[in-house]
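# Structural overview
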Amino acid sequence: MFSKETYIERRKALKNLVGNGLIVLLGNNNSPANYPNNCYTFRQDSSFLYFFGAKRDGLAGVIDTDNDKEYFLGDDIDIDDIVWYGSVDSVRDMADMAGVAEAAPFSKLAELVSKAKQAGQTIHFLPPYRHDNKILLQELLDIKPAMQKGAASVELIKAVVKLRSTKSEEEIKEIERACSIGFKMHTTAMKLAQPGVTEHFIGGTIDGIANALGDKTSFASIVTMHGEILHGAPKMNYLEAGRLLLVDAGAETINNYCSDHTRTTPISGKFTHRQRDIYTIVEQAHDLALDKAKPGVFWADVHKDVCRLITNGLKDLGLMKGDTEEAVAAGAHALFLPHGLGHMMGIDVHDMEDLGQNYVGYDDEIQPSTQFGLASLRMGRRLEKGFVVTDEPGIYFIPDLIDHWKANKINADFLNFEVIEKYKDFGGIRIEDDVLVTENGVRFLGKDIIPYHADDVEKYVAEFHFS
């Protein structure tokens, strides 16, 4: 946790932004994996963490903006739980650490909501994503789970997004710690990317680093020779000489701030000529984003600049053709880049994604596109100082997608399918880093930069590669 003053100030800012009504922020409960006492690793709700800091299950926070009162709700564990799990902080102690005057049993939540309803207060809640919290909200507010996303408070969502989007100095330090763990994860994966090692072994090894040095991984690690599968989980496949290994992985700190990096490594230690050609385009796209990004610039425009560079690079290799502007406007490049340039990052690796893309990555100035590829751009709004975003261009050769576009003549005016066919065994390449928007541009987060320029990658792995 941060200091209690941090949480007091955050809740004060939230009250001022929302202005009226009763704000209900639900924590998470344990989630059984296969029976009640064998649970997945507990992860607290991120907005509850942001405003109250406590990590235990079975908690809720209530802010009565009309009467200027705050409540920290939960039940103390009994002696049977202490026997099995040891002593934990009391609800009163957790309330004190968050700077909340009123601590009460969880049952008081129903009483507070009932009184607010009787008084005609607006009751604000965020869109729930856990089924137990959906059931609880149905009991409290008589809103069916299927209707709760639409009934969630837009005022509260916008207030939370405004506060969580701009990172404080203490938050930036936490993200930098996560990036330092990420550096160890990715450089370890690069060292291990050799013929005969399994994807699963590398995945397990880097997950262990995240668990040992922080809280856990920030998302399920992607470790695969099939880089064209955007979320490819590690399998028991042995790495093969001549292929590429794509690793997309990150860590969470003890305070649950995240990192997210991707590196693509030649398993033989050297890129083939064809691999280096494609890698160089992705490398240039990654660096172009660093040059273009600064406060006031739409991230969607940076994405489109990257798409133009990729299109031009693929035209030079004979994979694309025609006018670049027309090709990008038609979305022809999305055959090779079917996702967006990046996303917000913070307490969540895809920060605040539970609150809705239209509020987090977009706003009244700009809304998401419906075009294939561009529709997957999670972040399009103007950059502001203090934002943390990922810069993650890629080029992928997805056989099924290629076959589909070729059969249906999709963007045939801009694509040389005869040449593209020869790349269907290529896989994919992505390079990703976490950057902080500063006064004049962006800077890398983390003390050390994971090698990503093609020459630097080959030089780095050469020291560890089997002869």
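Fair warning: this is a prediction, and the values are worked out from it, not measured in the lab. (Residues numbered from 1 in each chain as written. Predicted model: local features only at pLDDT ≥ 70, side-chain atom pairs only at ≥ 80, totals over all residues. Heavy atoms only, no water.)

## Regarding the packing of aromatic side chains
- Evaluation of the coordinates by the stated rule reveals 14 aromatic pairs.
- Between Tyr50 and Phe51, the aromatic rings sit 4.9 Å apart at their centres with planes inclined by 80°, giving edge-to-face as the arrangement.
- Ring plane angle 45° and centroid distance 6.3 Å describe the contact between Phe444 and Tyr452, whose orientation is recorded as tilted.
- In this structure Tyr452 comes out as buried when scored by relative accessible area, which is 7%.
- Members of the aromatic cluster, joined through ring pairs, are Phe336, Phe397, Tyr423 and Phe426.
- The ring of Tyr50 carries Arg10 above its face, with NZ or CZ at 3.8 Å from the centroid.
- One cation-aromatic arrangement involves Arg274 over Tyr423; the distance from NZ or CZ to the ring centre is 4.9 Å. (Phe/Tyr/Trp six-rings, centres within 6.5 Å; stacked < 30°, edge-to-face > 60°. Buried < 20%, exposed > 50% of the residue type's maximum accessible area, 1.4 Å probe, protein only. Lys NZ or Arg CZ within 6 Å of the ring centre and 35° of its normal.)

## Details of the nonpolar core
- Grouped together as the largest cluster of nonpolar side chains are 126 residues, with contacts concentrated most on Leu14, Phe72 and Leu109.
- Every residue in contact with Phe72, bar those within four places of it in the chain, is listed here: Phe48, Phe52, Ala54, Leu59, Ala60, Val91, Met94, Ala95, Val100, Glu102, Ala103 and Ala104.
- By size, the runner-up hydrophobic cluster in this structure holds 17 residues, among which are Val223, Leu245, Ala249 and Ala251. (Core = buried A, V, L, I, M, F, W, Y, C linked by side-chain atoms within 4.5 Å. Contact = heavy atoms within 4.5 Å.)

## Description of the pairing of strand 10 (residues 244-249)
- Most of strand 10 sits out of view: 6 of its 6 residues are buried.
- Neither face of strand 10 is exposed, since Leu244, Leu246 and Asp248 on one face and Leu245, Val247 and Ala249 on the opposite face are all buried.
- Pairing of strand 9 (residues 222-224) with strand 10, which is carried by 3 bridges, proceeds in the antiparallel orientation. Directly across from Val223, in strand 10, lies its bridge partner Val247.
- Alignment of strand 10 against strand 12 (residues 261-266), held across 6 bridges, turns out to be antiparallel. Note that in strand 12 the partner of Leu244 across the bridge is Pro266. (Helix = DSSP H or I, 4+ residues; strand = E, 2+ residues; numbered from the N terminus. Pairing = 2+ DSSP bridges.)

## With respect to the packing of helix 1 (residues 4-18) against helix 8 (residues 154-165)
- At a minimum axis separation of 9 Å, helix 1 and helix 8 run at an interaxial angle of 135°. Classified by the angle their axes make, helix 1 and helix 8 are oblique. Two packed elements cross with a definite hand, and for helix 1 against helix 8 that hand is right-handed. Residues Arg10, Ala13, Leu14, Leu17 and Val18 of helix 1 touch helix 8, and the partners they reach there are Glu155, Leu156, Ala159, Val160, Lys162 and Leu163.
- Its residues placed into classes, the contact of helix 1 with helix 8 shows 8 nonpolar, no polar and 3 charged. (Axes fitted to C-alpha atoms, helices over the stretch in contact; angles between N-to-C directions. Parallel < 35°, antiparallel > 145°, perpendicular 65-115°, else oblique. Left-handed = near helix turned anticlockwise from the far one by under 90°. Nonpolar A, V, L, I, M, F, W, Y, C, P; charged D, E, K, R; others polar.)

## Re the sheet that holds strand 7 (residues 123-125)
- Spatially, the 5 strands line up as an open sheet ordered 6-5-4-1-7, and their pairing is mixed. What marks the edges here is a single partner per strand, and that holds for strand 6 (102-104) and strand 7. Strand-to-strand twist in this sheet, taken as the mean axis angle between neighbours without regard to direction, amounts to 20°.
- Pairing geometry for strand 1 (residues 22-26) and strand 4 (residues 60-64), over 5 bridges, is antiparallel. By the bridge assignment, Leu26 is partnered in strand 4 with Ala60.

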